[in-house]
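A structural walkthrough
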Amino acid sequence: MNKNETPTILDGTALAAELRQRVQERAEALASTGTVPTLATILVGDDPASATYVRMKANACRKAAMASRIVRLDAQTTTEELLACIAQLNRDPQVHGILLQHPVPPQIDERRAFDAIAPLKDVDGVTTLGFGQTAFGFARYPSCTPAAIMALLEHYRIDLRGRHAVVIGRSPILGKPAAMLLLERNATVTVCHSHTSELERHVGMADIVVAAVGRPRFVQGSWIKPGAAVLDAGYNPGNVGDVDYAACAARAGAITPVPGGVGPVTIAKLLEHTVAAAEAQVAET
Ligand SMILES: Nc1nc(=O)c2c([nH]1)NC[C@@H]1CN(c3ccc(C(=O)N[C@@H](CCC(=O)O)C(=O)O)cc3)C=[N+]21
């Protein structure tokens, strides 16, 4: 990719609107047969940022002719109580998708909770099975943020084959599955994390940079190879990404803004996965 004077802005708001339009048509078709696609979101504790994201997801459902249920559990909830809640949602035929909002309070075994979600309802790809399917390239529902990153790359026709992608971060619902999806599309993938030495040198070799660190404005402009595509999956307080936007935009060939980049597409993917899950569950009965 050659360096342009101004980078292509990867407009997540516009792509999300397009995706949501199609989701809404599918949701309306299902509703006309008596099934309203329904997402259940579980929020444990009272982190205000998490509460905002959960509300945004519920609003997005409503706007796309879908239903949402928010299950709020207090900060003291035990793993067993959370597992019981998930089991109940698994059994509920009116619920098609289940999203457990990450992170959960420290006393909860998050892996056990994720793995308790019925695979057919795992619209955020958080189960061990969902991740394994993502890694092998046939996930029904990969995690929503990695899916959003791939949707943006595809929409803007950013080549991956044989190109070097550097993912910064290895969380189970973001960095790791993003690396697997990029690998599946024939990128050469490097995963960097808190123990990586010479991070800048790795990032400097990247044609595609995925920032999923959780540290505001962490990725510096000077690290970016001229012309690289920069995808900022960070969500920090105050709507700040993981990328120093102005400095990175000065070198990048393409870049996602925050807000208006990966975030809105993440929510569109969540809706898309939930409608697909509802379609599959209707077909089964
Ligand atoms: N199991 C799980 N799956 C998730 O996908 C998940 C999660 N847990 N925990 C929390 C993070 C955070 N997250 C965001 C999604 C959209 C925006 C988003 O749309 N942001 C807007 C701006 C937000 C605003 O206007 O306040 C934007 O970037 O334009 C942000 C953050 C999903 N997460």
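Not measured: the values here are computed from a predicted model.

With respect to the overall build of the protein chain
Scanning the protein chain for helices and strands turns up ten helices and nine strands. Taken over the C-alpha atoms alone, the protein chain extends approximately 50 × 40 × 35 Å along its principal axes. Here the protein chain holds 285 residues, and the buried ones make up 47% of them.

Remarks on the sheet that holds strand β3 (residues 67–73)
The parallel open sheet is built from three strands, whose spatial order is β3-β2-β4. Because the sheet does not close on itself, it has two edges, and the strands there are β3 and β4 (97–100). Along the sheet, successive strands turn relative to each other by an average axial angle of 20°, direction set aside. Sheet topology note: the strand β2 (residues 38–44)/β4 ladder contains four bridges and is parallel. By the bridge assignment, I42 is partnered in β4 with L100.

What to know about the domain arrangement of the protein chain
Domain annotation of the protein chain identifies domain 1 (35–118) and domain 2 (144–264). The distance between the C-alpha centroids of domain 1 and domain 2 comes to 27 Å.

Some points on the packing of helix α1 (residues 12–31) against helix α10 (residues 262–284)
α10 packs onto α1 with a crossing angle of 20° between their chain directions and a minimal axis gap of 8 Å. Taken together, the axes of α1 and α10 are roughly parallel relative to one another. α1 and α10 meet at a crossing whose hand is left-handed. The segment α1 lies against α10, with G12, T13, L15, A16, L19, R20, V23, R26, A27 and L30 engaging V262, G263, P264, V265, I267, A268, L271, E272, V275, A278, E279 and V282.

Some thoughts on the confidence of the model for the protein chain
When pLDDT is averaged across the protein chain, the result is 96; 99% of the residues are at 70 or more. Our summary of model confidence lists the complex with pTM equal to 0.97 and ipTM equal to 0.98.

What about the site of the ligand?
In the neighbourhood of the ligand, 20 residues make up the surrounding shell, with H102, Y235, P259, G263 and T266 lying closest. Secondary-structure elements contributing two or more residues to the shell around the ligand are α2 (48–63), β4, α6 (144–155) and α10. Top contributing element to the shell around the ligand by residue count: α10, with four residues. Counting residues domain by domain, the shell around the ligand receives three or more from each of domain 1 (35–118) and domain 2 (144–264).

Re the nonpolar core
If you look at the biggest cluster of nonpolar residues, it comprises 88 residues, and the most contacted ones within it are V167, V209 and V210. At nine residues, the largest contribution of residues to this core is made by α10. Residue-level mapping places this core at the junction of two domains, with at least three residues from each of domain 1 (35–118) and domain 2 (144–264). The residues touching V210, leaving out its near neighbours within four places in the chain, are I149, A165, V167, I168, A178, L231 and A233.

What counts as what
- Residues numbered from 1 in each chain as written.
- Predicted model: local features only at pLDDT ≥ 70, side-chain atom pairs only at ≥ 80, totals over all residues.
- Helix = DSSP H or I, 4+ residues; strand = E, 2+ residues; numbered from the N terminus.
- Buried ≥ 20, exposed ≤ 12 C-beta atoms within 10 Å, placed from the backbone.
- Pairing = 2+ DSSP bridges.
- Axes fitted to C-alpha atoms, helices over the stretch in contact; angles between N-to-C directions.
- Domains from an automatic or database assignment.
- Parallel < 35°, antiparallel > 145°, perpendicular 65-115°, else oblique.
- Left-handed = near helix turned anticlockwise from the far one by under 90°.
- Contact = placed C-beta atoms within 7 Å.
- pLDDT = per-residue confidence, 0-100.
- Near = placed C-beta within 6 Å.
- Core = buried A, V, L, I, M, F, W, Y, C linked by C-beta atoms within 7 Å.

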